[in-house]
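The primary structure of each chain is shown beneath.
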2 protein chains.
Amino acid sequence: MKRITIKDLSKFLSLSTSTISRALLNDKNVNDETRKRVMDAAAELGYKPNLTALNLKSGQSKTIGVVVPEMITPFSAKVLEGIQNVLYPLGYRLVITQSDENPLNERKNLQLLEGFNVDGIIINLCHETYNNDLYQQIISQGTPLVFFDRIPDKSLNASKVIVDDYINSSLMVEYLIKTGRKRIAHIMGPQTIRNAVERANGYKRIMNKYHIFDENLIIKTEGMTFEYGKRAVKHWSDKDIEFDSIFAFSDTLAIGAMNFLLENNIKIPGEVAVASFSGTELSTMVYPQLTSVQQPLVKMGETAAELILEKIRDHSAPSKTVLLDAVLVYRDSTL
Amino acid sequence: MKRITIKDLSKFLSLSTSTISRALLNDKNVNDETRKRVMDAAAELGYKPNLTALNLKSGQSKTIGVVVPEMITPFSAKVLEGIQNVLYPLGYRLVITQSDENPLNERKNLQLLEGFNVDGIIINLCHETYNNDLYQQIISQGTPLVFFDRIPDKSLNASKVIVDDYINSSLMVEYLIKTGRKRIAHIMGPQTIRNAVERANGYKRIMNKYHIFDENLIIKTEGMTFEYGKRAVKHWSDKDIEFDSIFAFSDTLAIGAMNFLLENNIKIPGEVAVASFSGTELSTMVYPQLTSVQQPLVKMGETAAELILEKIRDHSAPSKTVLLDAVLVYRDSTL
DNA sequence: GTGAAAGCGCTAACAG
DNA sequence: CTGTTAGCGCTTTCAC
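Residues numbered from 1 in each chain as written. Chains lettered and ligands numbered in written order. Predicted model: local features only at pLDDT ≥ 70, side-chain atom pairs only at ≥ 80, totals over all residues. Heavy atoms only, no water.

Going by an unreviewed UniProt entry, chain A carries the name Transcriptional regulator, LacI family and comes from Chryseobacterium shigense.

**With respect to the overall build of chain A**
Regarding its fold elements, chain A presents 13 helices and 12 strands. Radius of gyration (C-alpha) of chain A: 25 Å, far over the 20 Å computed for a compact globule of 335 residues. For the C-alpha atoms alone, the extent of chain A along its principal axes is close to 85 × 40 × 30 Å. When each of the 335 residues of chain A is scored for burial, the buried share is 57%. Considering only contacts within chain A whose residues lie at least 6 apart along the sequence, 71% involve residues at least 24 apart. Here chain A displays about 14,100 Å² of accessible surface, and carbon together with sulfur accounts for 50% of that area. Across chain A, 39 positive and 39 negative side-chain charges occur, with their mean positions spaced 6 Å apart. (Helix = DSSP H or I, 4+ residues; strand = E, 2+ residues; numbered from the N terminus. Rg over C-alpha atoms; globule rule 2.2 N^0.38 Å. Buried < 20%, exposed > 50% of the residue type's maximum accessible area, 1.4 Å probe, protein only. Contact = heavy atoms within 4.5 Å. Areas by Shrake-Rupley, 256 points an atom, 1.4 Å probe, with all protein chains shown as cover. Lys, Arg positive; Asp, Glu negative; His and termini not counted. Charge placed at Lys NZ, Arg CZ, Asp CG, Glu CD.)

**Re helix α8 (residues 165-178) of chain B**
All names here are of chain B. Taking 1.5 Å as the rise per residue, α8 with 14 residues should run 20 Å; its terminal C-alpha atoms sit 20 Å apart, in good agreement. Burial runs high along α8: 10 of the 14 residues are buried. Where α8 starts, the residue carrying a side-chain oxygen 3.1 Å from the main-chain nitrogen of Y166 turns out to be D164. Positive phi appears at G180, one or two residues downstream of α8, with a value of about 100°. (Expected span 1.5 Å × (residues − 1). Polar contact = N/O pair within 3.5 Å; in protein donor to acceptor, adjacent residues only side chain to side chain.)

**Focus on the pairing of strand β8 (residues 245-248) of chain B**
All names here are of chain B. Burial along β8 is two-sided: the residues S245 and F247 and I246 and A248 are all buried. Examined bridge by bridge, strand β6 (residues 184-189) and β8 share 4 bridges and lie parallel to one another. When the sheet's bridge partners are listed, I187 is paired in β8 with A248. Pairing analysis gives 4 bridges linking β8 to strand β9 (residues 273-278), with the strands arranged parallel. Its bridge partner being in β9, S245 is matched across the sheet by A273. What joins β8 to β9 is helix α11 (residues 251-263), and the crossover it makes is right-handed. (Pairing = 2+ DSSP bridges. Right-handed = clockwise from strand over helix to strand, strands pointing away.)

**Digging into the sheet that holds strand β3 (residues 120-123) of chain B**
All names here are of chain B. In spatial order, the strands read β2-β1-β3-β4-β5-β11; together these 6 strands make up an open sheet with parallel pairing. The open sheet has two edge strands, β2 (93-98) and β11 (321-324), and neither has a second partner. Strand after strand, the sheet turns through a mean of 15° between neighbouring axes, direction not considered. For strand β5 (residues 159-163) and β11, the ladder comprises 4 bridges, and the chain directions are parallel. The residue bridging I162 from the neighbouring strand is L323, located in β11. Taken strand by strand, helix α5 (residues 74-87) contacts β1 (63-68), β2, β3 and β4 (145-148), and its axis lies near 165° from that of β2. Sheet contacts for helix α13 (residues 297-313): β1, β3, β4, β5 and β11; angle to β5, the most-contacted strand, approximately 165°. (Axes fitted to C-alpha atoms, helices over the stretch in contact; angles between N-to-C directions.)

**Some points on the relation of the copies chain B and chain A**
Laying chain B over chain A is done by rotating through 180° and shifting 0.0 Å along the axis; what remains is an RMSD of 0.1 Å. On the angle and the small slide along the axis, the relation comes out as a two-fold axis. Most of the interface of chain B is mirrored in chain A: 100% of its interface residues are interface residues there too. (Least-squares fit on C-alpha atoms with pLDDT ≥ 70 in both.)

**Side note on the protein's contact with DNA strand D**
Looking at DNA strand D, there are 24 residues lining it, with S18, T34 and K57 of chain A together with I6 and Y47 of chain B nearest. Backbone atoms, meaning sugar plus phosphate, form 58% of the atoms of DNA strand D positioned within 4 Å of the protein. One of the backbone N or O atoms of N31 of chain A is found 2.9 Å from a phosphate oxygen in DNA strand D. At 2.6 Å from a phosphate oxygen of DNA strand D is found a main-chain nitrogen or oxygen belonging to I6 of chain B. Contributions of two or more residues to the surface near DNA strand D are made by α2 (17-24) and α4 (51-58) of chain A together with α1 (6-13), α2 (17-24) and α4 (51-58) of chain B. (Near = heavy atom within 4 Å.)

**A few points about the protein's contact with DNA strand C**
The immediate surroundings of DNA strand C are formed by 26 residues, with I6 of chain A together with T19, R22, T34 and K57 of chain B found nearest. Each atom of DNA strand C within 4 Å of the protein belongs either to a base or to sugar and phosphate, the latter forming 59%. Separating a phosphate oxygen of DNA strand C from a side-chain N or O atom of S21 of chain A is a distance of 2.7 Å. Here a phosphate oxygen of DNA strand C and a side-chain polar atom of Y47 of chain A are 2.7 Å apart. Mapped by element, the contributors of at least two residues to the surface near DNA strand C are α1 (6-13), α2 and α4 of chain A together with α2 and α4 of chain B. Residues of the surface near DNA strand C, tallied by class, amount to 9 nonpolar, 11 polar and 6 charged. (Nonpolar A, V, L, I, M, F, W, Y, C, P; charged D, E, K, R; others polar.)

**Some points on the UniProt feature "domain: HTH lacI-type" (unreviewed entry) in chain A**
Under the UniProt annotation, the feature "domain: HTH lacI-type" (unreviewed entry) is placed at residues 4-58 of chain A. With 69% helix and 0% strand, residues 4-58 of chain A has end C-alpha atoms that lie 21 Å from one another. (UniProt positions renumbered as here; feature names shortened; annotations may be inferred.)

**Here's the deal with the domain arrangement of chain A**
Frequently, the measure chosen for interface size is the accessible area that the parts lose on association. Here the domain parsing of chain A yields domain 1 (6-57), domain 2 (63-162 + 297-324) and domain 3 (165-295). On a C-alpha basis, the centroid separation for the pair domain 1 of chain A and domain 2 of chain A is 36 Å. (Domains from an automatic or database assignment.)

**Some thoughts on the nonpolar core**
I187 of chain A together with I187 of chain B are the most contacted members of the largest nonpolar core, which has 198 residues in total. For I187 of chain A, the contacting residues outside a window of four places in its chain are I219, T221, G229, A232, V233, W236, I246, F247, A248, F249, L253 and A257 of chain A. (Core = buried A, V, L, I, M, F, W, Y, C linked by side-chain atoms within 4.5 Å.)

**Some points on the pattern of salt bridges**
Residues and elements named next belong to chain B. Across all of its chains, the model carries 26 salt bridges over all chains by this definition. Between D133 and R107 there is a salt bridge; the shortest N-O distance is 2.8 Å. Of this pair, D133 sits in helix α7 (residues 132-140) while R107 sits in helix α6 (residues 103-115), placing them 26 residues apart in sequence. Among the residues examined, R107 registers a relative accessible area of 24% and is labelled partly exposed. For the salt bridge of E263 with K230, the shortest nitrogen-to-oxygen distance reads 3.3 Å. Here E263, found in helix α11, pairs with K230, found in helix α10 (residues 226-238); they are 33 residues apart in sequence, far enough to count as distant. Under the relative-accessibility criterion, K230 is labelled buried at 12%. (Salt bridge = Lys/Arg side-chain N within 4 Å of Asp/Glu carboxyl O.)

**Topic: the packing of aromatic side chains**
Counted by the stated rule, this structure contains 10 aromatic pairs over all chains. Judged by centre distance (5.5 Å) and plane angle (80°), the rings of Y135 of chain B and F147 of chain B are edge-to-face. Placement of the pair is Y135 of chain B in helix α7 and F147 of chain B in strand β4, with a sequence separation of 12 residues. A relative accessible area of 0% places Y135 of chain B in the buried class. Residue classification places F147 of chain B among the buried positions, given a relative accessible area of 0%. Over the ring of Y228 of chain A we find R231 of chain A; its NZ or CZ atom is 4.8 Å from the centre of that ring. Over the ring of Y92 of chain B we find K62 of chain B, and its NZ or CZ is 4.4 Å from the ring centre. (Phe/Tyr/Trp six-rings, centres within 6.5 Å; stacked < 30°, edge-to-face > 60°. Lys NZ or Arg CZ within 6 Å of the ring centre and 35° of its normal.)

**Observations regarding the interface of chain B and chain A**
At the junction of the two partners, chain B supplies 52 residues and chain A supplies 52 residues. For the pair chain B and chain A, the summed buried area comes to about 4,200 Å², and 62% of that belongs to carbon and sulfur atoms. The three residues of chain B that bury the most area against chain A are R93, M285 and Y287 of chain B, which together make up 17% of that side's buried surface. Our enumeration of links across chain B and chain A arrives at 0 salt bridges. Inspection of the chain B/chain A interface yields 16 residue pairs in polar contact (both at pLDDT 80 or more). Looking at the side of chain B that touches chain A, the elements that each hand over two or more residues are α4, α5, β2, α6, α10, α11 and α12 (282-285) of chain B. Of the residues belonging to the side of chain B that touches chain A, the class tally is 24 nonpolar, 19 polar and 9 charged. (Buried area = accessible area lost by both parts, 1.4 Å probe.)

Below you can see the structure in the form of structure tokens.
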């Protein structure tokens with residue numbers, strides 16, 4: 001079952017390998033007749049180009065590394081779909097790694113990807129600053145880096161794709177207020193994630209604007225699993241801090257919060273409204289369905305892929321930050 | 001920022017490239033002194049082997065293709081984790097594709113992977129028979145194929161990793177009966193999925209054993225989304241078919257079913273118990289938490305990866321079918 | 001113990 | 001329009 005190479009075709013047709021190559025590449029300097037013969041033979045013998053050889057020639061690995069914090073929520077799956085949409089048709093391979101929300105794993109993943117000689121890396125961080133040195137080092141070695149969703153704090157020379165956390169968070173909080181909620185609690189996620197800080201800022205601004213901000217109503221979590229969401233609500237509950245609604249950093253945290261409420265027979269949205277930021281399928285799978293800021297995840301992946309391609313094609317291309325529009329989707333968990 | 005090659009080292013140390021190569025490969029025919037010099041220089045200049053060149057020499061692409069039906073539930077994410085655990089440390093890259101539960105997409109994915117010259121393909125089907133011709137063709141072209149979870153009906157020369165659907169389904173149904181349920185409804189999923197048929201058979205056997213089988217209590221769905229789960233329960237409800245419990249083919253279908261019950265104020269498990277087959281994180285994220293047959297997903301991925309490695313190393317290695325143990329996990333959705 | 005040379009599959013000057 | 005040749009980075013005979 002040996003593979004057919006250009007050499008086999010060359011023998012088969014008594015032509016030089018270069019002519020075969022040219023015909024296959026649609027080079028103009030080939031007789032139409034000859035091209036046809038080559039094409040037919042290639043089809044007949046089942047010739048398929050050897051990507052590895054191509055890559056060796058071109059000096060590229062045609063491999064893009066991707067680092068995501070986790071894959072058990074649909075968030076990354078959707079973004080990956082976007083990345084794949086753009087990159088697979090172009091013959092790029094993806095090496096996808098999961099950091100499990102752990103900066104140390106992220107570091108290992110990045111190093112693994114370096115070992116793979118990737119042409120570029122697309123990454124969603126799990127910690128704002130922890131691996132800054134590595135990002136910097138990778139970029140200065142000439143491997144383009146593109147950040148999406150959770151981006152680093154330093155102004156690295158890298159392109160980014162994000163949604164406006166501050167604005168969208170503000171809008172969601174304002175919506176809750178408009179529906180009559182006043183004691184809006186906020187589960188902000190870990191403060192080592194830039195977006196968490198941004199969203200919390202949006203929350204604070206609006207709460208202050210309406211003079212209803214209360215420091216007790218905001219809580220940082222150490223992690224991102226739904227257990228932390230649960231624990232946050234338990235905290236307020238234990239301390240007898242009143243709240244009539246919850247705005248969570250992510251679907252997962254919101255769902256954890258909902259579970260606590262449901263377990264304690266607290267009506268959603270009757271007694272407490274719940275809203276989140278993310279907008280993955282999870283928000284429609286729970287009961288009641290979750291109001292959330294829905295991000296264009298597939299688009300986000302596609303954009304990230306295009307940004308990395310720009311950088312690969314021209315390493316001196318200027319870095320861009322693309323801001324994508326999100327929409328608020330109102331569902332049964334609020335009102 | 002040019003990469004350091006073996007040639008650079010050769011110039012730098014005034015040694016032949018072959019000696020450098022040998023030193024790097026720990027070949028015995030190298031003076032210890034020389035080896036040390038080479039190693040030091042490699043470290044100093046930051047030499048990293050070019051995988052593409054290695055691959056060209058070895059004739060392998062060091063790339064494994066993976067095809068999964070979907071990635072929005074944690075199911076595939078967990079299996080992928082297992083696959084990555086085994087394959088990444090060995091220098092393999094993964095090209096992961098999603099079929100979106102559509103056999104046509106599956107076909108396209110397989111063809112894409114062929115174009116990538118993958119060394120092997122690990123696949124979870126979305127239809128039992130639809131692409132049988134392609135599986136056969138890929139195998140006979142010499143590309144090993146390993147199936148996991150949902151496997152094909154024909155006896156192809158390929159290894160497989162599965163859990164025993166029939167037995168575990170039986171066990172779960174028997175458990176429901178032991179907790180006092182008699183009218184156990186079954187959402188079996190599409191009958192074009194072999195596992196759905198197997199699990200339904202397990203269900204039927206036990207229901208018959210206790211003489212409580214009723215054809216009306218079993219329903220096939222066209223798809224796998226949670227909407228179909230919802231619709232199934234609506235069907236029984238509309239037709240006034242009584243049931244005191246539901247056993248669903250997957251977490252997602254079960255959750256759809258739960259949502260219908262919750263929307264109609266039917267108590268879980270008070271009035272209706274719910275159980276599923278899958279055992280992803282989803283089962284712990286919903287309220288009440290879902291009783292389910294929990295499969296060892298990471299292990300499944302690791303096993304699939306090892307099976308494909310066997311085949312890659314020795315193309316004539318015999319095909320194996322590995323049966324993994326699942327466990328029933330009892331949660332609040334049943335009593 | 002080390003070097004020279006060939007070759008993996010392909011493309012691209014360079015000739016003719 | 002077609003063929004010859006060299007070379008991408010590396011390993012591996014084959015000499016010495």
